[in-house]
There are 2 protein chains.
Amino acid sequence: MTQYRPISFTAAVLAGAALLAPPALAEEGMWTFDAFPAQQVKQTYGWAPDQAWLGKVQTAAVRLTGGCSASFVSAEGLILTNHHCVASCLFDNSKAGADYLNDGYVADRRDMELKCPGQQAEVVTSIGDVTGAIKAAMGSLAGEALTKARDAKIAEIEKSGCPDTDKTRCQVVTLFGGGQYKLYKYRKYSDVRLAWAPEDRAATFGGDPDNFNFPRYSLDASFLRAYENGRPVGTPAHLQWNPRAPREGEMTFVVGNPGSTSRLYTTSQLAFERELRLPITVTTYSELRGRLLRAMEESKDHEREGLDLLNGLENSLKVYIGRQKALNDPAFTATLVAKEDELKEKSAGNAAIGDPWSSVDKAVGAYRSLYLPARFTNPMSDLYGYAETLVYAAQERSKPNGERLPGYTDSALPLTKKRLLDEKPLYPWLDELTLEWSLSKAREYLGADDPDTKLLLGQESPEQLAKRLVEGSKLADPAYRQLLWDGGLAAIEASDDPMIRFALRLAPRQRELKKAVDEAYGGPLAVAGGKIADARFAAYGDTLYPDATFTLRISYGQVKGWMERGNAVPVATTMGGTFDRATGNPPFDVAPAFAANKAAIDPAVTYDFVTTNDIIGGNSGSPVIDKAGTVIGAAFDGNIHSLGGNYGYDGTLNRTVVVSTAAVQEALETIYPAPALVKELAGK
Amino acid sequence: MTQYRPISFTAAVLAGAALLAPPALAEEGMWTFDAFPAQQVKQTYGWAPDQAWLGKVQTAAVRLTGGCSASFVSAEGLILTNHHCVASCLFDNSKAGADYLNDGYVADRRDMELKCPGQQAEVVTSIGDVTGAIKAAMGSLAGEALTKARDAKIAEIEKSGCPDTDKTRCQVVTLFGGGQYKLYKYRKYSDVRLAWAPEDRAATFGGDPDNFNFPRYSLDASFLRAYENGRPVGTPAHLQWNPRAPREGEMTFVVGNPGSTSRLYTTSQLAFERELRLPITVTTYSELRGRLLRAMEESKDHEREGLDLLNGLENSLKVYIGRQKALNDPAFTATLVAKEDELKEKSAGNAAIGDPWSSVDKAVGAYRSLYLPARFTNPMSDLYGYAETLVYAAQERSKPNGERLPGYTDSALPLTKKRLLDEKPLYPWLDELTLEWSLSKAREYLGADDPDTKLLLGQESPEQLAKRLVEGSKLADPAYRQLLWDGGLAAIEASDDPMIRFALRLAPRQRELKKAVDEAYGGPLAVAGGKIADARFAAYGDTLYPDATFTLRISYGQVKGWMERGNAVPVATTMGGTFDRATGNPPFDVAPAFAANKAAIDPAVTYDFVTTNDIIGGNSGSPVIDKAGTVIGAAFDGNIHSLGGNYGYDGTLNRTVVVSTAAVQEALETIYPAPALVKELAGK
């Protein structure tokens, strides 16, 4: 699954950490829409999209704030995405006796479509260059003063760019690790509803063992619909649904929002990943996985209630294990070092550039000693997350826009508030499980005698504290959250909710750490990143793509298999293949509706297929578009080699895995019948 | 805790993998008794033990086959060791309502002493050099032919060396990765009983967070007794019990059986550890830890029944995480590379040595592709372990001694059989948990479509298979195990026990893999290891110590603290300090008997202390001996820096952690009163 699930406690400190690498190989690249390498593509393929083609596609491309990509595929706001991108929505709408995640959901009428908590659909309407204004604001500042000035300017630009916060959203994005700053304006739709989703097993056939593998037999597709004022929105500029099989070798374009890559990292940043961040992440997440797996065996309720977290966790873990493997492969990392050496050589003697790599080394060195406290003073729990948002929002809202933390500026607050206040179920046993785990890992990595451990735990054990906070908190109730939101700082400070008290206790130290990280790491990196970007443009020209930033990108490629240890991997699977691969036992058991309709399903229909497109987590749900601009699939995964793609793309091995529109059509007609959608997709 | 817990599925393939490094720094070294560097010690300290001193100590030093060290401390077979070395014995003797692991155990009379299943005490009686005979047997053979010839010769030497298998045991040990082969003869005592142990919390105060840390407040001590023919054995050559506080700066000697170190590994062997073995071990063990932690929260029974496995698992995990950290520290690994480079330089042009490092590189390269199947075709479960032993024993016993696998030769069979047949409790839920985990990890790392995965699982899921095998097996019953042992191959092949069928299914593939590993890795390494050892002796003379091999060693050092990030760590703690550190909450809750006797306990008594001795897992329980040859403590741990000690010793940071005899005496008199033992220890 290639959904984008940033680690909340690290995303902040890593923002702006992406630097620069040499020019793209054929088919490598997650290109911005304002810098598509049309000439290069035309040279290779004899054809390239023109501006009209790109503009049309951009208008139909949807970003889902839950961490996925999607596209409009009808004139009435119908959105194609992956099943795993709506799994949380199905989960949040489920309850004992109505398990939509397990059973799937087909809305027979529009008024039966299910609201998705926290979800918002966004369409890019313009991209503007604000590099000059941001760089002017930073001037010759350094450290935290620089990050403050930069963030203040960003808050100002975002606010003035999108005065209508009901329908628009502005975001300034840092590209090339500080080489460029761009203002993205979005048309936003904050009421997103679920129209159709298959059974979980249809999408997750093969489960974690088959995730990031191919051949694959997965119906990882679903349909949402954007609403406004209680009615479906009109989307005349949608993509055309084309339920046909792909042709081997044909060109494909993946249009979506890759979340984050680290291809421009310097060797010291990669060393930090390999030596510190990845081992800690993989180790601690593995323990959480074990706790959760066992807890889910305890009862049918636990099994249902833990599934969404488990799926996300196992997906993340597989990603991180794949990255760790890539960075522990000396042959692979040698190619990264060689790229950096080449750029250094080409930049030697350029006084305007100097030696930004040494600045990065120094910043990373300083960050190493801040990493553990910065990571572990942010406990993992939904209730704690609510408390933290409430505490920070109350404290930040009283400040001028330009002085607030990034998530709490005027441009960011609407989505922050929506995520806080949307109603969704919360299972106390599950929240206690994650909180207990994260507190015990904090004590393990910081040490029992560390002041931050003592700040977190006081005299309590992780088990006791987690139990007391979760059992005592009223924050699962959206009305109580609303009350505290409306009451502002006075209400927060007067609250005796133990989770609010806990978040209040941690906030000063979290702010102190953020300041220290900005001073020693974020600030220096913003300057050095800009310099390395300059070096790169000077050395390789301006046909470059930046690291992924969960903003709209386009990747070009073709329908093509690959060689796996001497064996050719076929380019596609068929729906009938599912029945051959099934063992009858989870996760290789056929979904009930598949089994029930086996005779009716056309076994020859193309199911999943692979392309050479360059994607990463966040691209989940991206439309896969042919030269004619019609949709022939939804990207839902990469193959196992694509996990190293975080650091570098290898066209001989990296593949995008796509669910075919032909398979979705077959499912709409035969397995999970939705005649109204079939008609709508046909434009009738 | 520094008990030696080899990973069964990797110990076999790593045997003989230890190569060579430069001469020891002051206080570095786990020296064999036949090559103690007396001159070097005398130069540094002005005093060194003479042969009489060493001989006396050797006669009193005990190896516990459970993975620990110990010593005779009375004339009637009384043995001092750690609490964590008898935890399994306490656990195996416990049942609902009699939780000796939690509550401790004091045998008021000798006939109340508790038999320890699977445990055997061994004392070295002679060490002989058999290098010539083994090397002659290997001749110019290579690959698996070499390992077969070597193992046949070892089996022959061991059998002829110890005809009395009731009272003696012979073991040929490979030192310097193949530079030397030594025959160790032991007097063995296969009836070992527990006389005294404190409460678990007294030994594990601070739990996993404090494990491998200091300051420390742990009563990690216990007493066993060796029996023969139902009576305590006479041990006139015991060490003298000396319940006094240590003096800062005084010399200390640790005598015990360090299990395994990798200080002589080549850089390619270290790379294999860093890139493959450690990440997989830490990741998979972390998941098991999570499963077990959650399962133990499910009921009081689970909490009790899971504790022994959890303690061992968390200890191993901390060790592996510490090693991973050491090998991910470029400054540390640079020192290892520099050592290898120096040896290569000193050996350049020596035709008799050639380039054994390249042979190791090649062997490690070949091993990389065998590692996953070799590791994951050995499921983890006590019942499976019984089945595997029964299947292999039946198959091997019908062969001539020289053709059998190492654990099944005439010299090895008695302990193998004892471990198989000794009665001990087995908890099906726990065995199912570990089996399910190990099968699911096999599928994860090998892939769902791998032939070895299919061999393991067939059409079943890991969950189903684990349940079917554990629920259907009768191997928990020692009488059934005895029946199958006595019935030999015919009984095994006729058995319908599902676990026996499973072990029979796996055995041919396991044998095939062992053969492949011997051919590509074990054989080449035995030759290259010998060459590198030759290079080392030529470069540095013969005052060298070999990597640890769970055989008797002596380490010299002194009572001394260290500097931790600018702060001096004190050399010792007092018993009163426990009460200051206690939070009242696990694992920082005071043991009930400590709380009850708080007023009577002398708070000034030295509790735990640190020394510069160089130790590693397996040294747990080692007597800490002063110049006079009296026991002043039992080593039970290293500090956190000592975890990197697997690869190299740093005298400024690495420390041994010892429980003082003064504290044990206080406990025997005041907290867990044992007046008979007090008398016996005083020699009255």
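Quick caveat, the model's predicted, so the values are computed rather than measured.

Some words on the overall build of chain A
Right, on to step 1. Within chain A, the regular secondary structure consists of 24 helices and 22 strands.
Right, on to step 2. The principal-axis extent of the C-alpha atoms belonging to chain A is close to 65 × 65 × 50 Å.
Right, on to step 3. Separation of charge centres in chain A, based on 74 positive and 85 negative side chains, amounts to 3 Å.

Describing the packing of aromatic side chains
Both the distance between ring centres and the angle between the ring planes are used here to describe each pair of aromatic rings.
All names here are of chain A.
Right, on to step 1. This structure, assessed with the given rule, holds 52 aromatic pairs over all chains.
Right, on to step 2. Relative to Phe223, the ring of Trp196 lies with its centre 5.8 Å away and its plane at 55°, an arrangement referred to as tilted. One end of the pair, Trp196, is in strand β10 (residues 191-197); the other, Phe223, is in strand β11 (residues 222-228), with 27 residues separating them in the sequence.
Right, on to step 3. Phe223 gets classed as buried once you look at its relative accessible area, which sits at 0%.
Right, on to step 4. Where Tyr384 meets Phe502, the ring centres are 5.9 Å apart and the plane angle is 70°; that geometry is what we call edge-to-face. Here the residue Tyr384 occupies a position in helix α14 (residues 382-397), and Phe502 occupies one in helix α20 (residues 498-540), the gap between them amounting to 118 residues. With respect to burial, Tyr384 and Phe502 carry one shared label: buried.
Right, on to step 5. An aromatic cluster of at least three residues, connected via ring pairs, comprises Trp196, Phe223, Trp241, Phe594, Tyr607 and Tyr672.
Right, on to step 6. Over the ring of Tyr227 we find Arg193; its NZ or CZ atom is 3.8 Å from the centre of that ring.

Concerning the state of the cysteines
Put plainly, a disulfide is one covalent bond tying together the sulfur atoms of two cysteines.
Residue and element names in this part refer to chain B.
Right, on to step 1. Under the criterion given, the structure shown has six disulfides over all chains.
Right, on to step 2. Covalently, Cys68 is tied to Cys85 through a disulfide, its sulfur atoms 2.1 Å apart. Here the disulfide of Cys68 and Cys85 is left-handed, its torsion about the S-S bond being about -80°. Placement of the pair is Cys68 in strand β3 (residues 68-72) and Cys85 in the loop between β4 (78-81) and α4 (87-92), with a sequence separation of 17 residues. There is no split in this pair, since Cys68 and Cys85 are both buried.
Right, on to step 3. Linked covalently through their sulfurs, Cys162 and Cys170 form a disulfide whose S-S length is 2.0 Å. One quick way to see it: the torsion about the S-S bond of Cys162 and Cys170 is about 70°, and its sign makes the bridge right-handed.
Right, on to step 4. Counting only the cysteines that take part in disulfides, in the order they occur along chain A, gives the pairing 1-2, 3-4, 5-6.

A look at the interface of chain B and chain A
For interface size, the figure often reported is the accessible area lost on association.
Right, on to step 1. Across the contact, 44 residues belong to chain B and 44 residues belong to chain A.
Right, on to step 2. For the pairing of chain B and chain A, the buried interface totals around 3200 Å² over both sides, and the portion due to carbon and sulfur atoms is 46%.
Right, on to step 3. The interface formed by chain B and chain A includes eight salt bridges.
Right, on to step 4. The salt bridge involving Glu287 of chain B is made with Arg289 of chain A; its shortest N-O contact spans 3.4 Å.
Right, on to step 5. Our count for the contact surface shared by chain B and chain A stands at 15 residue pairs in polar contact (both at pLDDT 80 or more).
Right, on to step 6. Taken together, the elements giving at least two residues each to the side of chain B that touches chain A come down to α9 (207-210), α10 (267-296), α11 (300-327), α16 (428-446) and α18 (462-472) of chain B.
Right, on to step 7. No other element matches α10 of chain B, which puts 13 residues into the side of chain B that touches chain A.

A closer look at the nonpolar core
Right, on to step 1. If you look at the biggest cluster of nonpolar residues, it comprises 192 residues, and the most contacted ones within it are Leu219, Phe223 and Phe594 of chain B.
Right, on to step 2. Ranked by the residues each element gives to this core, the list is headed by helix α20 (residues 498-540) of chain B, at 16 residues.
Right, on to step 3. Both domains that furnish three or more residues to this core are identified here as domain 1 (8-120 + 192-263 + 546-681) and domain 2 (267-540) of chain A.
Right, on to step 4. The next biggest cluster of nonpolar side chains, apart from the first, holds 190 residues, and it includes Phe253 and Leu475 of chain A together with Cys116 and Leu310 of chain B.

Some details on the domain arrangement of chain A
Residues and elements named next belong to chain A.
Right, on to step 1. If you check the domain split of chain A, you get domain 1 (8-120 + 192-263 + 546-681) and domain 2 (267-540).
Right, on to step 2. Between the C-alpha centres of domain 1 and domain 2 there is a distance of 27 Å.
Right, on to step 3. Across the boundary between the two partners, domain 1 contributes 39 residues, which contact 46 residues of domain 2.
Right, on to step 4. The residue Asp208 makes a salt bridge to Arg289 at a minimum N-O spacing of 2.9 Å.
Right, on to step 5. Counting the contacts that link domain 1 with domain 2 gives nine residue pairs in polar contact (both at pLDDT 80 or more).
Right, on to step 6. At the level of elements, α1 (8-14), α4 (87-92) and α9 (207-210) are the ones that each hand at least two residues to the side of domain 1 that touches domain 2.
Right, on to step 7. In terms of residue class, the side of domain 1 that touches domain 2 is built from 20 nonpolar, 14 polar and five charged.

Things to note about unusual backbone geometry
Right, on to step 1. Put simply, Pro586 of chain A and Pro587 of chain A share a cis peptide bond, and its omega is -5°.
Right, on to step 2. Take Pro587 of chain A: it is sitting in the loop between α21 (577-581) and α22 (592-596).
Right, on to step 3. Look at Asn229 of chain B: it is not a glycine, yet its phi comes out positive at around 50°.
Right, on to step 4. Of the residues examined, Asn229 of chain B reaches a relative accessible area of 67% and is grouped as exposed.

Examining the relation of the copies chain B and chain A
Right, on to step 1. Superposing chain B onto chain A requires a rotation of 180° together with a translation of 0.0 Å along the rotation axis, leaving an RMSD of 0.0 Å. Classification of the inter-copy transformation places it as that of a two-fold axis.
Right, on to step 2. Most of the interface of chain B is mirrored in chain A, where 100% of its interface residues are also at the interface.

Considering the pattern of salt bridges
Right, on to step 1. A complete count under the given rule lists 94 salt bridges over all chains for this structure.
Right, on to step 2. Of the charged contacts in the structure, one is a salt bridge between Arg581 of chain B and Asp449 of chain A, with a shortest N-O distance of 2.6 Å. Of this pair, Arg581 of chain B sits in helix α21 (residues 577-581) while Asp449 of chain A is found in the loop between α16 (428-446) and α17 (451-457), placing the two residues in two different chains.
Right, on to step 3. One salt bridge in this structure joins Glu444 of chain B and Lys441 of chain B, with 2.5 Å as the shortest N-O distance. Taken together, the residues Glu444 of chain B and Lys441 of chain B, both in helix α16 and three residues apart, mark about one turn of the helix.

Some words on the side chain of Glu340 of chain A
Right, on to step 1. Within the element layout of this structure, Glu340 of chain A appears in helix α12 (residues 330-347).
Right, on to step 2. Discounting chain neighbours no more than four positions away, the residues touching Glu340 of chain A are Tyr265, Thr266, Thr267 and Trp357 of chain A.

Describing the pairing of β11 of chain A
All names here are of chain A.
Right, on to step 1. Most of β11 sits out of view: seven of its seven residues are buried.
Right, on to step 2. By the bridge criterion, four bridges tie strand β4 (residues 78-81) to β11 in an arrangement that is antiparallel. Bridged to Thr81 within β11 is Ser222.
Right, on to step 3. One ladder, built from two bridges, connects β11 with strand β12 (residues 231-232); its direction is antiparallel. Residue pairing for β12: Tyr227 is matched across the bridge by Pro232.

What counts and what doesn't
- Residues numbered from 1 in each chain as written.
- Chains lettered and ligands numbered in written order.
- Predicted model: local features only at pLDDT ≥ 70, side-chain atom pairs only at ≥ 80, totals over all residues.
- Heavy atoms only, no water.
- Helix = DSSP H or I, 4+ residues; strand = E, 2+ residues; numbered from the N terminus.
- Lys, Arg positive; Asp, Glu negative; His and termini not counted.
- Charge placed at Lys NZ, Arg CZ, Asp CG, Glu CD.
- Phe/Tyr/Trp six-rings, centres within 6.5 Å; stacked < 30°, edge-to-face > 60°.
- Buried < 20%, exposed > 50% of the residue type's maximum accessible area, 1.4 Å probe, protein only.
- Lys NZ or Arg CZ within 6 Å of the ring centre and 35° of its normal.
- Disulfide = S-S within 2.5 Å.
- Contact = heavy atoms within 4.5 Å.
- Buried area = accessible area lost by both parts, 1.4 Å probe.
- Salt bridge = Lys/Arg side-chain N within 4 Å of Asp/Glu carboxyl O.
- Polar contact = N/O pair within 3.5 Å; in protein donor to acceptor, adjacent residues only side chain to side chain.
- Core = buried A, V, L, I, M, F, W, Y, C linked by side-chain atoms within 4.5 Å.
- Domains from an automatic or database assignment.
- Nonpolar A, V, L, I, M, F, W, Y, C, P; charged D, E, K, R; others polar.
- Least-squares fit on C-alpha atoms with pLDDT ≥ 70 in both.
- Pairing = 2+ DSSP bridges.

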